[in-house]
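Examination of the molecular architecture
Listed here are the chains, written in short residue letters.
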Amino acid sequence: MKKILKIPLAIQIFIALVLGIIVGALLQGHTEIAEEYIKPFGTIFLNLLRFIVVPIVLFSIMSGIISMRDVRKVGAIGVKAVIYYFCTTAIAIVIGLVGGNLFKGFFPVLETSDLSYTATESTPIMDTIVSIFPSNFFTPLVEANMLQVIVMAVLMGFAVVLVGEKAQPAIKGIESLNAIFMKIMEMILRLSPIGVFCLICPVVAVNGPAIIGSLAIVLGCAYLCFIVHMVVVYSTAVKTLGGMSPIKFFKENLPAMIFAFSSSSSVGTLPINMEGCIKMGADKDVASFVLPLGATINMDGTAIHQGVCAIFIATCYGIDLDLNAMLTIVFTAILASIGTAGVPGASMVMLTMVLASVGLPLDGIALVAGVDRVFDMGRTVVNITGDASCTIVVSNSEKKKAARNLKKEKQ
């Protein structure tokens with residue numbers, strides 16, 4: 001057991017992923033075993049992650065703001081992060097549309113009659129903006145509404161900083177609670193290999209090779225776009241703006257990427273992602289603020305998925321999307337990403353908004369709904385990798401800014 005524990009977490013998770021796929025393939029004729037006896041342990045692990053995410057986000061952001069003790073610095077970091085996320089999301093949707101058009105001639109012609117999918121009604125953009133701000137202290141915590149939790153954390157963090165000396169007892173309490181929940185997070189993360197195995201095994205057992213089926217080309221197109229975005233966009237950003245070797249970045253971020261692939265949850269991967277970024281040398285205060293923000297509003301992988309699926313569904317219905325329609329998709333995807341939660345399956349709501357914006361049949365979602373979990377695995381990896389790249393970039397920017405200020409003071 002001691003020898004096993006000495007194996008790096010990334011290797012443990014990878015081994016668990018491979019074993020889960022193998023066991024899942026062997027259980028294809030006995031899916032009830034995987035569903036009834038293996039999947040529940042994966043669900044328990046996800047429940048533990050969901051339990052820890054809200055307090056981690058709440059207290060880590062508050063602790064990060066308090067430790068910076070400068071409201072202007074927090075504002076500067078937030079602006080940089082939001083600009084970075086919006087820019088990479090715009091690039092991601094363009095890559096998805098380009099990839100979809102390049103593969104357009106290879107997309108299979110599917111039967112588009114008798115489709116059934118109940119589309120969730122899209123939320124107007126102004127309602128999305130209003131819903132960011134909580135009207136009750138406890139509701140966001142109970143419902144795990146991450147946008148509202150972030151707003152709460154920022155407001156309370158600012159208030160503590162502005163109150164000053166009188167808030168010292170609160171500062172000690174917040175720092176203590178942050179340390180406690182971080183330790184709980186470490187305890188839960190030790191179960192990651194077991195969780196990964198129990199999550200991936202039922203997916204393979206139930207779907208088997210048929211999980212790809214006639215949609216193999218669409219999946220291949222999406223995953224190619226995922227890889228291009230990560231290798232080109234994130235590598236360039238990390239190298240030029242983050243001052244870090246892309247090889248080191250992806251190597252250190254591997255545990256989070258593997259876990260994201262198996263869990264399909266950006267928010268669930270947050271603790272592992274935060275640990276990886278700090279190991280890479282990112283400022284802990286910056287990571288505590290930028291990563292939770294990214295887990296909520298950064299949806300690069302989801303944006304790529306929207307572009308590919310929009311082209312695919314349009315092709316199946318014999319509809320050609322012009323340049324104006326594609327630009328509409330770009331802007332809709334960027335705005336929709338703000339309100340898309342970092343949990344499995346949430347992108348289907350976003351896809352509904354994108355299709356509706358250009359008049360594509362919402363029934364077309366049924367064409368990709370069956371393999372959405374496979375899409376979800378890849379796009380979640382892109383999402384959390386984007387969060388990490390933003391953390392490295394913003395952290396490096398703040399370090400350079402501090403160095404410049406120090407140089408001026410010496411002069």
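Residues numbered from 1 in each chain as written. Predicted model: local features only at pLDDT ≥ 70, side-chain atom pairs only at ≥ 80, totals over all residues. Heavy atoms only, no water.

**Description of the nonpolar core**
Counting 113 residues, the largest nonpolar core has I61, Y85, F249, F289, V290, L321 and I329 as its most contacted members. The greatest single-element share of this core, amounting to 14 residues, is contributed by helix α3 (residues 31-68). Look past the residues within four positions of L321 in its chain and what remains in contact with it is A310, I311, A314, M326, I329 and L360. In terms of nonpolar packing, the next biggest core, distinct from the first, is built from six residues, A34, C198, C201 and A205 among them. (Core = buried A, V, L, I, M, F, W, Y, C linked by side-chain atoms within 4.5 Å. Buried < 20%, exposed > 50% of the residue type's maximum accessible area, 1.4 Å probe, protein only. Helix = DSSP H or I, 4+ residues; strand = E, 2+ residues; numbered from the N terminus. Contact = heavy atoms within 4.5 Å.)

**Here's the deal with the confidence of the model for the chain**
Low pLDDT means the predicted coordinates in that region are not meant to be read closely. With 83% of its residues at a pLDDT of 70 or more, the chain has an overall mean of 80. At the low end of the mean pLDDT range in the chain sits helix α1 (residues 2-6), at 58; at the high end sits helix α11 (residues 246-252), at 93. Predicted confidence is poor over residues 110-120, with pLDDT under 50, and the contacts of this stretch with residues over four places away or in other chains come to 23 contacts. (pLDDT = per-residue confidence, 0-100.)

**Points about a nonpolar patch on the surface**
A surface patch of nonpolar side chains, about 630 Å² in accessible area, is lined by I11, F14, I15, V18, L19, I22 and L26. Along the chain, the position of F14 falls in helix α2 (residues 9-26). (Patch = residues over 30% accessible without salt bridge, like charges linked within 9 Å, V, L, I, M, F, W, Y side chains within 5 Å. Areas by Shrake-Rupley, 256 points an atom, 1.4 Å probe, with all protein chains shown as cover. Salt bridge = Lys/Arg side-chain N within 4 Å of Asp/Glu carboxyl O.)

**Digging into a positive patch on the surface**
A grouping of K73, K400, K401, R404 and K408 is seen on the molecular surface, where their side chains present a positively charged patch. Top contributing element to the positive patch by residue count: helix α19 (residues 372-410), with four residues. (Lys, Arg positive; Asp, Glu negative; His and termini not counted. Charge placed at Lys NZ, Arg CZ, Asp CG, Glu CD.)

**Here we look at the state of the cysteines**
In protein structure, a disulfide is the covalent linkage between the sulfur atoms of two cysteines. Taken as a whole, this structure holds zero disulfides when the rule is applied. Looking at the unpaired C277, the closest cysteine sulfur is the one in C390, lying at 9.6 Å. (Disulfide = S-S within 2.5 Å.)

**Examining helix α15 (residues 300-316)**
Note: α-helices contain 3.6 residues per turn, so residues at a spacing of three or four share the same orientation. Between its first and last C-alpha atoms α15 spans 25 Å; for 17 residues at 1.5 Å apiece the expected length is 24 Å, and the two agree. Of all 17 residues in α15, 16 are buried, a share of seventy percent or more. Positive backbone phi, at 70 degrees, marks G318, one or two positions downstream of α15. (Expected span 1.5 Å × (residues − 1).)

**Description of the environment of K248**
Within the fold, K248 resides in helix α11. For K248, a relative accessible area of 40% translates into the label partly exposed. For K248 and M280, which are 32 residues apart along the polypeptide, the C-alpha to C-alpha distance reads 8.1 Å.

**What to know about the pattern of salt bridges**
All told, the structure shown has four salt bridges when counted by the stated rule. Note that E35 and K39 form a salt bridge whose closest N and O atoms lie 3.9 Å from each other. Here E35 pairs with K39, and both are found in helix α3, just four residues apart, close to one helical turn. The residue E398 makes a salt bridge to K80 at a minimum N-O spacing of 2.7 Å. Pair noted here: E398 is in helix α19 and K80 is in helix α4 (residues 71-102), with a separation of 318 residues, a long-range link. On the basis of relative accessible area, E398 is assigned to the buried category, the value being 10%. Note on K80: relative accessible area 28%, which makes it partly exposed.

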